[in-house]
Amino acid sequence: MKKTIQRKYAKLIARVGANIQKGQTVRLFINADQYEFATILVDECYKAGASRVDIDWSWQPITKLDYRYRTLKSLSTVQKWEEDRLQLMTEELPCRIFVISDDPDGLKGVNQTKMQKTRIARYPIIKPYRDAIDNKHQWTIAAIPSFAWAKKVFPELSKRQAYEKLWDAILKSVRVSETNDPEAEWAAHNDNFKARCAWLNAQKFERLEYKSANGTDFTAWLMPEGRWCGGGEYTLSGVYYNPNLPTEEIFTSPAKGRVEGTLVSTKPLSYEGQLIENFSITFKDGKAVSWKAEKGESLLTKMITMDEGAAMLGELALIPCNSPINNSGILYYETLFDENASCHVALGAGFNECVDGFETLTNEECKAKGVNESMIHVDFMIGAPDLSITGYKNGKAVQIFENGEWAF
Ligand code: ZN
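Each value, and the rule that gives it
- Residues numbered from 1 in each chain as written.
- Predicted model: local features only at pLDDT ≥ 70, side-chain atom pairs only at ≥ 80, totals over all residues.
- Heavy atoms only, no water.
- Core = buried A, V, L, I, M, F, W, Y, C linked by side-chain atoms within 4.5 Å.
- Buried < 20%, exposed > 50% of the residue type's maximum accessible area, 1.4 Å probe, protein only.
- Helix = DSSP H or I, 4+ residues; strand = E, 2+ residues; numbered from the N terminus.
- Domains from an automatic or database assignment.
- Contact = heavy atoms within 4.5 Å.
- Buried area = accessible area lost by both parts, 1.4 Å probe.
- Donors = N, O, S within 2.8 Å, 3.2 Å for Na, K, Ca; no water.
- Tetrahedral: all angles 85-135°; square planar, octahedral: opposite > 155°, others 65-115°.
- Pairing = 2+ DSSP bridges.
- Polar contact = N/O pair within 3.5 Å; in protein donor to acceptor, adjacent residues only side chain to side chain.
- Phe/Tyr/Trp six-rings, centres within 6.5 Å; stacked < 30°, edge-to-face > 60°.
- Lys NZ or Arg CZ within 6 Å of the ring centre and 35° of its normal.

1. So, the nonpolar core
With 50 residues, the main nonpolar core has Tyr-9, Ile-20, Leu-28, Phe-37, Leu-41, Cys-45 and Ile-97 as its most contacted residues. When residues of this core are traced back to their parent elements, those giving at least two are helix H1 (3-17), strand E1 (25-31), helix H2 (35-47), strand E3 (95-100), strand E4 (139-143), helix H7 (147-153), helix H8 (159-173) and helix H12 (335-338). Residues lining this core come from more than one domain, with at least three contributed by each of domain 1 (3-173) and domain 2 (200-406). Sequence-distant contacts of Phe-37, that is, excluding residues within four places in its chain, are made with Gln-6, Tyr-9, Ala-10, Ile-13, Ile-30, Val-99, Ile-144 and Trp-167. Among the nonpolar cores identified, the runner-up in size contains 46 residues, and Phe-205, Leu-269, Phe-283 and Leu-313 belong to it.

Next up, the structure:
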């Protein structure tokens, strides 16, 4: 991909994604083989006003070695320097930029139990720092291709061709082309989100009913003080940023403990570097009580049993089948993209910002209003071409989705 267009994209990440403020620090998370794009992006971060850019490099083959050679105790220990860094993050409130490019199968063969136990052990130590920065800083996730990822998406092409084709697809999905003004396109895109959210929020639905011929038959109650979000968000200090590039979703958090019925997945789920395919989950009193998967069932079980909240839902997201990502026909094996192809839900943590007036509430108060809590937040796709979603209020039904598309 041409350097000029890569720079245009890097600029979009720095200015529209993270919206770096003058003098702000940045923490960039990127894979070690992406040093060329990292160089362009760091340059754009400084041009946007960053005072310092810290980089966290990672590389799946080394992550694999860590899991193979280190003891569970060693993996589970949060080192003092790590905590110092987390502490610094709560003081500096940096922009965090995540540039993903992992091989969806890159952690195949890693001991899943060791991985799960590591996460469980580290979570309580890291969580207070995460809570301390929630909604106070800008963060954004964007993606660039790697050869391994591109080959997974386009196995029939050569390594080089697949790589270029994935670049094209990513840039199209984030509205960057050689001739356009991506910042203006994102402004229009965000206006669109605002209009749909305003309509949904005005409806004040009590519950949503999902139905599809594939077996999805599901009801979710909404928090009485819940709200729908989509597109850009504001930090508590009023900085507008876009957490996901791309994004097509409008979402809310359901009321904790109040979902019933069965959801059937419509796309494979890539979780912890491995795939879960053709699965369904049945909920009772808000909790997953049974599930099955044609592929990756034990991994699905690990995910759902990670902690108490992992068996409950944290997100309901609405995306029409006629979305640019779905229309591309590409399966990315990466949630950042695939979640924008169709309606989905997420197991695990909900969003405080989906509570009205969350700005003045504590984390505990948001949880008390029905936001689920968990160490995981994993989206899976349930959108189908015949999906219908009906909203109910005082016994009155309003069609929200019909045949996989917006009905309003
Ligand atoms: Zn989502």
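Past the structure itself, the notes keep going.
2. Let's talk about the domain arrangement of the protein
Each assigned domain of the protein is listed with its residue range as follows: domain 1 (3-173) and domain 2 (200-406). Computed over C-alpha atoms, the centres of domain 1 and domain 2 are 23 Å apart. Residue-level contacts link 41 residues of domain 1 with 37 residues of domain 2. With both sides pooled, the region where domain 1 packs onto domain 2 buries about 3,300 Å², and carbon together with sulfur makes up 58% of that total. A per-residue breakdown of the area domain 1 buries against domain 2 is headed by Gln-112, Arg-119 and Asn-135, which together make up 20% of the total.

3. Some thoughts on the coordination of the zinc ion
Coordination of the zinc ion by the protein comes from Glu-249 (OE), Glu-315 (OE), Glu-339 (OE) and His-344 (NE2), over a distance range of 2.0 to 2.6 Å. Coordination geometry of the zinc ion: the 4 donor atoms subtend angles of 82 to 170° at the metal centre, consistent with an arrangement described as irregular. All donor residues of the zinc ion come from one chain, and their arrangement in sequence is E-x65-E-x23-E-x4-H. Highlighted residues: Glu-249 in the loop between strand E9 (240-241) and strand E10 (250-252) and Glu-315 in strand E15 (residues 313-318), separated in sequence by 66 residues. You'll find Glu-249 and Glu-315 in the same group, each marked buried.

4. Regarding the pairing of E4
In the sheet, E3 pairs with E4 via 5 bridges, with the strands oriented parallel. Within the sheet, the bridge partner assigned to Val-99 lies in E4 and is Ala-142.

5. With respect to the side chain of Glu-82
Tracing the backbone shows Glu-82 in helix H5 (residues 80-92). A relative accessible area of 18% places Glu-82 in the buried class. One polar contact links the side chain of Glu-82 to the main-chain amide nitrogen of Gln-79, over a distance of 2.8 Å. Residue contacts for Glu-82: discarding those within four places in its chain leaves Thr-77 and Arg-122.

6. Some remarks on the packing of aromatic side chains
What the rule picks out here adds up to 16 aromatic pairs. Measuring from ring centre to ring centre gives 6.1 Å for Phe-37 and Trp-167, while their planes differ by 55°; the resulting arrangement is tilted. Taken together, the positions of Phe-37 in helix H2 and Trp-167 in helix H8 put the pair 130 residues apart, joining distant regions of the chain. Trp-167 matches Phe-37 in its accessibility class, with the two residues each being buried. Taken together, the aromatic side chains of Trp-199, Phe-205, Phe-401, Trp-406 and Phe-408 make up a single cluster linked through ring pairs. The ring of Tyr-392 has Arg-207 sitting right over it, with the charged end atom 4.2 Å from the ring centre.

7. Here we look at the pairing of strand E19 (residues 396-402)
Within a regular beta strand, the side chains point alternately toward one face of the sheet and then the other, so they alternate between its two faces. Sheet topology note: the strand E18 (residues 388-393)/E19 ladder contains 5 bridges and is antiparallel. Note on E19: the bridge partner recorded for Tyr-392 is Ala-397. Between E18 and the antiparallel strand that follows it, E19, lie 2 residues; Asn-394 among them carries a positive phi value of about 50°. Sheet analysis places E19 next to strand E20 (residues 405-406), joined by 2 bridges and oriented antiparallel. The residue of E20 that forms the bridge with Glu-402 is Glu-405. Linking two consecutive strands that pair antiparallel, namely E19 and E20, is a turn of 2 residues; a positive phi of about 50° is found at Asn-403 within it.

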